[in-house]
Number of protein chains: 8
Amino acid sequence: MDNPLVGIVMGSDSDFEIMKGATEILDEFKINYEVTVTSAHRTPVKTHEYSKTASNRGIEVIIAGAGWAAHLAGVIASETTLPIIGVPIDSSSLNGLDALLSTVQMPSGIPVATMSIGKGGAKNAGIFAAQILSLKYPKIKERLVKYREDMVKAVEDKNSKLNLKLKNR
Amino acid sequence: MDNPLVGIVMGSDSDFEIMKGATEILDEFKINYEVTVTSAHRTPVKTHEYSKTASNRGIEVIIAGAGWAAHLAGVIASETTLPIIGVPIDSSSLNGLDALLSTVQMPSGIPVATMSIGKGGAKNAGIFAAQILSLKYPKIKERLVKYREDMVKAVEDKNSKLNLKLKNR
Amino acid sequence: MDNPLVGIVMGSDSDFEIMKGATEILDEFKINYEVTVTSAHRTPVKTHEYSKTASNRGIEVIIAGAGWAAHLAGVIASETTLPIIGVPIDSSSLNGLDALLSTVQMPSGIPVATMSIGKGGAKNAGIFAAQILSLKYPKIKERLVKYREDMVKAVEDKNSKLNLKLKNR
Amino acid sequence: MDNPLVGIVMGSDSDFEIMKGATEILDEFKINYEVTVTSAHRTPVKTHEYSKTASNRGIEVIIAGAGWAAHLAGVIASETTLPIIGVPIDSSSLNGLDALLSTVQMPSGIPVATMSIGKGGAKNAGIFAAQILSLKYPKIKERLVKYREDMVKAVEDKNSKLNLKLKNR
Amino acid sequence: MDNPLVGIVMGSDSDFEIMKGATEILDEFKINYEVTVTSAHRTPVKTHEYSKTASNRGIEVIIAGAGWAAHLAGVIASETTLPIIGVPIDSSSLNGLDALLSTVQMPSGIPVATMSIGKGGAKNAGIFAAQILSLKYPKIKERLVKYREDMVKAVEDKNSKLNLKLKNR
Amino acid sequence: MDNPLVGIVMGSDSDFEIMKGATEILDEFKINYEVTVTSAHRTPVKTHEYSKTASNRGIEVIIAGAGWAAHLAGVIASETTLPIIGVPIDSSSLNGLDALLSTVQMPSGIPVATMSIGKGGAKNAGIFAAQILSLKYPKIKERLVKYREDMVKAVEDKNSKLNLKLKNR
Amino acid sequence: MDNPLVGIVMGSDSDFEIMKGATEILDEFKINYEVTVTSAHRTPVKTHEYSKTASNRGIEVIIAGAGWAAHLAGVIASETTLPIIGVPIDSSSLNGLDALLSTVQMPSGIPVATMSIGKGGAKNAGIFAAQILSLKYPKIKERLVKYREDMVKAVEDKNSKLNLKLKNR
Amino acid sequence: MDNPLVGIVMGSDSDFEIMKGATEILDEFKINYEVTVTSAHRTPVKTHEYSKTASNRGIEVIIAGAGWAAHLAGVIASETTLPIIGVPIDSSSLNGLDALLSTVQMPSGIPVATMSIGKGGAKNAGIFAAQILSLKYPKIKERLVKYREDMVKAVEDKNSKLNLKLKNR
């Protein structure tokens, strides 16, 4: 698990503000990853190279984020059998509906596992990558269970604070 | 790999017409699976039971298909750390847009890997389950590679036939 | 009527900014209520507990607000026969369309009474809860009638002020 | 409970094909109801009369179904404090999105409890009316509990049949 | 033409910011008008009164602006045979799509002449009212022709200025 | 009133199936009209000629129906000050949403009075033309009032028949 | 002009029913073309080969039609500087909105000239290819002018026939 | 190539902020162009003149940008056989969806090559114009190839910088 297990790909460095939702989760789960800026449209050759070599370099899951007519995840999925997770990014005027449909509506044969639009989706992509890897790496499963428990506590805390605030009105 | 590795869940038996897109692919990939009709809303207790026991029963991936306000995949995802694949089903008047948004727009913390709407999405869910499992089971990886090669040949055949037809006009 | 008659539930404390539209109305109608932060996805066990015990604790109506793939109201509705009022919250990039469809498009068998998106919808949820309760509690009916009369006066006032302003241009 | 407790209103007799989803449920729950064809736009005077007199005639809940720019539920809601349940009907080319938004997006002050689009929504309207009435009439509560139990059994049956069919392939 | 010929109606005084698009045009065309705040939902009685008496008071065209589930124009149209012009207002989270569909998708029998969303639509409502009145009042026709000519000159000016700016880069 | 007062224009003769909703109403109201097939895109010269000469030929209102990117009503409106009524036609795969937005979202300066999508909208266009003309021609006003009364009776009849049918179940 | 000047590409032979809208026009304009079935996702290698070699083989314009998350036109555009015309195909449940947004919303740098959805769009793609080529090949320009004139006559004919039919009622 | 080869047209000078995406690219590619403010609706005569004379003045490609019910590109396309590129502008409350559908959904016979919404679309319009012209002017082809190479380098640079930043955290 020392080599990167997860490849995070985005079409532009400006997408990193969103995609760091994924890197933060993978840091938290202590899963190594690599970050690559490559575009389905602007750098197709690099994107092909990336897709074809990922598996051999030890990558087991790829997370791809893109906005507009978001072809990146689908294009990568067409050249590897690794599971691809797509994150639609809300960067056009259409509120991410274009990126969502371009990512999720893959024709039968080449799936892309699509997350919700934006930074929450990028975070979920990191969690979903961990869920896939947890089938093989028991330590990641333990961290996922712990993560869920922390989530429950966090909601409980919020509930207590809100009720305290309401009581003290 | 003799026990079911994939759980396929749907809210109604009428959804099977769509969801058999997944069973057919898993049959083709020789991956064992179980099929369960349970609804997030009509049989919540059974759905909770299903979600909590799946991992212990040996299930590694769950595919959940539902239409309308499709909560099934999200509700299952909330009670297991197994990867959940959601298939939006086009059964209301809104062409599946309701099922798509209800499945894909999961808030951060609990991801659902969403496929395209309908039978093509169910088929892709089967393929994506195989892609996840292929990280652990090399035979599945071989079958995925073979599947891709067959797909290329099938497109080539279609191309030849169409051009023959055009030539003979 | 001393115990809470209305349960107000939301997935995150950040939703309270919207949901206080409901608490303010219930305060105005002198209807006791309780406020709970619990998520369909992050705290499913607590949400089940909440739903199953609400009726026994004397709750007669539940108002549930959530954004994104808003499953909260539907999940609660699946475990109680109390009337559930859903408030779609506009917290994703899709302007609340995702929350609206996830809340309103409930499959047949388990209804959720859906209000408009956002704070106006939360306010209406409070009023609708009062309308339900007014069938049983005549005092609430009186307050509803009074509320309507005040509403008429408020519109009349606005009309007079606008016309005065226009006259004095 | 001998007099009608529920008023079912629709803009056109052609809507009855959808709205009988509600009458069938009310028959099943042994709740008396009346059925009225009246349009917000074509027969406004009758609609006002209906709305203003409903409460005095003993009606406790009103279900209103309409398509297109569906104003019927909102217009009735403006003239009574009874709880109004709206059913958007899919009768224009826009798949019921127009009726849904016209029904659910009520401005703050006058709520309409909106159900899903079409016959399933009409059925849910009947169930939701029963849920409201069950707060006051214990027999209806018993029937609702029984209805839920039957629903669970029906899903179980479907599950068994589907699995039997799959086993016998 | 001394009495108001046009009635401008809006559901809330906060809509005046949009609806003054209409008053400014009518001022420019020297057409008398009255402004009324009345809501289809909050003040139904006043709205009925308004609709039924408008024609007798000499009003020949009514402009109604509303947001959300915008029923105002349709409700007025149901109680008078005067031509009603509807202006959808963008005041909910759905960008005015709800108001547009609630205004334009009138069922057959009771038309509402719908303008574009927002202030431009309010301005166009004023112009369209003038176009209707111009059939009867020749002076208004003259002013409309003049208005068109000024519009042509304004575009010409903008073209010249932009090209001058580009030349001087 | 012997010459045509209303011009009905459509982009293709296949649109007549929809647009006869307007001719039938005008026949009923005994208003003379002319019907012209001309396209904003395929026959621009004829469309300009039509628009510029309509007023001089005695036309007082123009009804224009078109599907897809429906420019016809807007293009005619740009070359005459007569009131233009637009009917969006549902002839593409997008259910008429394209035609609706292309017709209604006119920029400020050149209004098009938009009706609902399809044949109901065409019928309403005929009624709205009658409402405009009724300001000038008292006989048309009388017929409009009669038309409304008949509409009320028709709804009453439908109500009686439906209730009779329900009673005799 | 003996070699193919236009390449028509589609993801599946089932798309030919739509794409023959383009071949028929090119036949009419006597422009040579080649037809190729290749998919951005199922046969990425072939698609790359196609894109990179098209210009050298004498192709001057490429027309690409695809449904669902339609990446084909964008992927080809990324590997050639030839003008690419995209035709969104309505083959999913979303009425072609997914294909439209996936084709048209190309990020800046790599344009795709998008046509309307479906067979009309395919036909327009053929015409637009002819318009591009007409800048270089005067004979094609002549045929375009002739095609427009025929279109005008066809509309005139339809107008005459419809009016004849109306007169003879 | 000294005379303008490209005509850039927009409905209002306020659209220039978007449309300069096109002028900047054409400057970069050293392609002469002219800029004209003219509106399909406000200055129809000027727009007809422009369209009919463009070809004779040496213009080979026209780029037209407009918002709302964007008829400009379609109207120009109806009066010339030059290739027309449409840029939908996001200037109404509907996020440019209205302008997109009004531009792209042209009925068969008169195509408009539609770009993505907004400034990126305007930039792509400039590139697409260059791609069309490159078929005839080899120098433009060279510049396009160079532009692509620079684009690849720019993405590479962004990738290096982002990875450097990540390493130095």
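Quick caveat: nothing in here was measured; it's all calculated off a predicted structure.

Parameters at a glance
- Residues numbered from 1 in each chain as written.
- Chains lettered and ligands numbered in written order.
- Predicted model: local features only at pLDDT ≥ 70, side-chain atom pairs only at ≥ 80, totals over all residues.
- Heavy atoms only, no water.
- Axes fitted to C-alpha atoms, helices over the stretch in contact; angles between N-to-C directions.
- Helix = DSSP H or I, 4+ residues; strand = E, 2+ residues; numbered from the N terminus.
- Parallel < 35°, antiparallel > 145°, perpendicular 65-115°, else oblique.
- Left-handed = near helix turned anticlockwise from the far one by under 90°.
- Contact = heavy atoms within 4.5 Å.
- Nonpolar A, V, L, I, M, F, W, Y, C, P; charged D, E, K, R; others polar.
- Buried < 20%, exposed > 50% of the residue type's maximum accessible area, 1.4 Å probe, protein only.
- Least-squares fit on C-alpha atoms with pLDDT ≥ 70 in both.
- Pairing = 2+ DSSP bridges.
- Right-handed = clockwise from strand over helix to strand, strands pointing away.
- Buried area = accessible area lost by both parts, 1.4 Å probe.
- Salt bridge = Lys/Arg side-chain N within 4 Å of Asp/Glu carboxyl O.
- Polar contact = N/O pair within 3.5 Å; in protein donor to acceptor, adjacent residues only side chain to side chain.
- Phe/Tyr/Trp six-rings, centres within 6.5 Å; stacked < 30°, edge-to-face > 60°.
- Lys NZ or Arg CZ within 6 Å of the ring centre and 35° of its normal.
- 1 Å grid on protein atoms, 1.4 Å probe; cavity = no way out; pocket = protein on both sides within 12 Å on 5 of 7 lines; lining within 4 Å.
- Points joined across faces, edges and corners; volume = space filled by probe spheres on them.

### Topic: the packing of helix 5 (residues 119-134) of chain F against helix 6 (residues 138-167) of chain F
Residues and elements named next belong to chain F.
Then, number 1: Where helix 5 meets helix 6, the closest approach of the two axes is 8 Å, and the angle between their N-to-C directions is 135°. The orientation of helix 5 relative to helix 6 falls into the category oblique. The way helix 5 lies across helix 6 gives a crossing that is left-handed. Across the interface between the two elements, Lys123, Ile127, Ala130, Gln131, Leu133 and Ser134 from helix 5 touch Pro138, Ile140, Lys141, Leu144, Tyr147 and Arg148 from helix 6.
Then, number 2: Considering only residue class, the contact of helix 5 with helix 6 consists of 7 nonpolar, 2 polar and 3 charged.

### With respect to helix 4 (residues 97-104) of chain B
Then, number 1: For helix 4 of chain B, the tally of buried residues reaches 7 of 8 residues, placing the bulk of the element in the interior.
Then, number 2: Of the positions making up helix 4 of chain B, those classed as buried are B:Asp98, B:Ala99, B:Leu100, B:Leu101, B:Ser102, B:Thr103 and B:Val104.

### Some words on the relation of the copies chain G and chain F
Then, number 1: The two copies are related by a screw motion: chain G maps onto chain F through a turn of 90° and a shift of 0.0 Å along the axis, at an RMSD of 0.0 Å. Such a combination of rotation and displacement between the chain copies is what one expects of a four-fold axis. Of the C-alpha atoms belonging to chain G, the one lying closest to the rotation axis is found on G:Asn95, 5.8 Å away.
Then, number 2: Interface overlap between copies is the fraction of interface residues in one copy that are interface residues in the other; for chain G against chain F it is only 6%, indicating separate surfaces.

### Things to note about the pairing of strand 1 (residues 6-10) of chain E
Residues and elements named next belong to chain E.
Then, number 1: Counting buried positions over the 5 residues of strand 1 gives 5, a clear majority of the element.
Then, number 2: Side chains Val6, Ile8 and Met10 of strand 1 all project onto a buried face; the interleaved residues Gly7 and Val9 project onto the opposite face, where all are buried too.
Then, number 3: Two elements, strand 1 and strand 2 (residues 33-37), share 5 bridges in a ladder whose sense is parallel. Residue pairing for strand 2: Val9 is matched across the bridge by Thr36.
Then, number 4: Traced from strand 1 through helix 1 (residues 16-28) to strand 2, the parallel crossover comes out right-handed.
Then, number 5: Pairing analysis gives 5 bridges linking strand 1 to strand 3 (residues 61-67), with the strands arranged parallel. Along strand 3, the bridge assignment pairs Val9 with Ala64.

### Concerning the interface of chain A and chain B
Then, number 1: Contacts between chain A and chain B engage 42 residues on the former and 42 residues on the latter.
Then, number 2: Around 3400 Å² of area is buried between chain A and chain B when both sides are counted, 61% of it from carbon and sulfur atoms.
Then, number 3: Our count for the chain A to chain B interface comes out at 0 salt bridges.
Then, number 4: In this structure, the connection of chain A to chain B is made through 24 residue pairs in polar contact (both at pLDDT 80 or more).
Then, number 5: Of the residues forming the side of chain A that touches chain B, the biggest block, 7 residues, is contributed by helix 5 (residues 119-134) of chain A.

### What to know about the pairing of strand 3 (residues 61-67) of chain D
Note on strand geometry: in a regular strand, side chains alternate between the two faces of the sheet.
All names here are of chain D.
Then, number 1: Taken across its 7 residues, strand 3 has 7 buried, putting it largely inside the fold.
Then, number 2: Here strand 3 shows two buried faces, one formed by Val61, Ile63, Gly65 and Gly67 and the other by Ile62, Ala64 and Ala66.
Then, number 3: Bridging between strand 3 and strand 4 (residues 84-89) involves 6 bridges; their strand directions are parallel. If you follow Ala64 over to strand 4, its bridge partner there is Gly86.
Then, number 4: Considered for its hand, the β-α-β crossover made up of strand 3, helix 3 (residues 72-77) and strand 4 is right-handed.

### Some details on the relation of the copies chain A and chain B
Then, number 1: Superposing chain A onto chain B takes a rotation of 180° combined with a translation of 0.0 Å along the rotation axis, leaving an RMSD of 0.0 Å. A rotation of that kind, with that shift, is consistent with a two-fold axis.
Then, number 2: Same-surface contact between copies: 100% of interface residues of chain A are shared with the interface of chain B.

### Observations regarding the interface of chain G and chain F
Then, number 1: Contact residues are listed per partner, giving 16 residues for chain G and 18 residues for chain F.
Then, number 2: Interface area, chain G with chain F, both sides summed: about 1400 Å², of which 63% is carbon and sulfur.
Then, number 3: At the junction of chain G with chain F, the criterion picks out 1 salt bridge.
Then, number 4: When residues in the side of chain G that touches chain F are grouped by element, the largest group, 10 residues, is from helix 6 (residues 138-167) of chain G.

### Points about unusual backbone geometry
All names here are of chain E.
Then, number 1: We note that Asn95 has phi near 65°; this positive angle belongs to a residue other than glycine.
Then, number 2: Here Asn95 is to be found in the loop between strand 4 (84-89) and helix 4 (97-104).
Then, number 3: Of the residues examined, Asn95 reaches a relative accessible area of 17% and is grouped as buried.

### Considerations on the packing of aromatic side chains
Then, number 1: If you walk through the whole model with that rule in mind, you get 10 aromatic pairs over all chains.
Then, number 2: Note on E:Phe29 and E:Tyr147: the rings are 5.2 Å apart at their centroids and 75° apart in plane angle, and the pair reads as edge-to-face. Residue E:Phe29 is found in the loop between helix 1 and strand 2, and its partner E:Tyr147 is found in helix 6 (residues 138-167); the two are separated by 118 residues along the sequence. Like E:Tyr147, E:Phe29 is buried.
Then, number 3: Residues G:Phe128 and H:Phe128 carry aromatic rings whose centres are separated by 6.5 Å and whose planes lie at 25° to one another, so their mutual orientation is stacked. Here G:Phe128, found in helix 5 (residues 119-134), pairs with H:Phe128, found in helix 5 (residues 119-134), and the two come from separate chains. For the pair G:Phe128 and H:Phe128, one class covers both residues: buried.
Then, number 4: We note A:Arg57 situated over the ring of A:Tyr50; from NZ or CZ to the ring centre the distance is 5.1 Å.

### Focus: the environment of D:His71
Then, number 1: Residue placement: D:His71 occurs in the loop between strand 3 and helix 3.
Then, number 2: Judged by its relative accessible area of 1%, D:His71 is buried.
Then, number 3: Distance in space between the C-alpha atoms of D:His71 and D:Ser39 is 8.8 Å, their sequence separation being 32 residues.
Then, number 4: Discounting residues that sit within four places of it in the chain, D:His71 has contacts with D:Ala40, D:His41, E:Ala70, E:His71, E:Gly74, E:Val75, E:Ser102 and E:Met106.

### What to know about the arrangement of the chains
Then, number 1: With no contact between them, chain A and chain F keep their nearest C-alpha atoms 16 Å apart.
Then, number 2: At the level of C-alpha atoms, the two units chain B and chain H stay apart, their nearest approach being 17 Å.

### A word on empty space enclosed by the protein
Then, number 1: Applying the stated rule across the entire model yields 6 cavities of 30 Å³ or more.
Then, number 2: The space that makes up the largest cavity amounts to roughly 900 Å³.
Then, number 3: The wall of the largest cavity is formed by 32 residues, among which C:Leu97, D:Leu97, E:Leu97, F:Leu97 and H:Leu97 lie closest to the centre.
Then, number 4: Elements that contribute at least two residues to the lining of the largest cavity include exactly helix 4 (97-104) of chain A, helix 4 (97-104) of chain D, helix 4 of chain E, helix 4 (97-104) of chain F, helix 4 (97-104) of chain G together with helix 4 (97-104) of chain H.
Then, number 5: Looking at side-chain class alone, the lining of the largest cavity contains 22 nonpolar, 10 polar and no charged residues.
Then, number 6: Every residue along the wall of the second largest cavity is listed here: A:Glu60, A:Ile132, A:Leu133, A:Leu135, A:Lys136, A:Tyr137, B:Glu60, B:Ile132, B:Leu133, B:Leu135 and B:Lys136.

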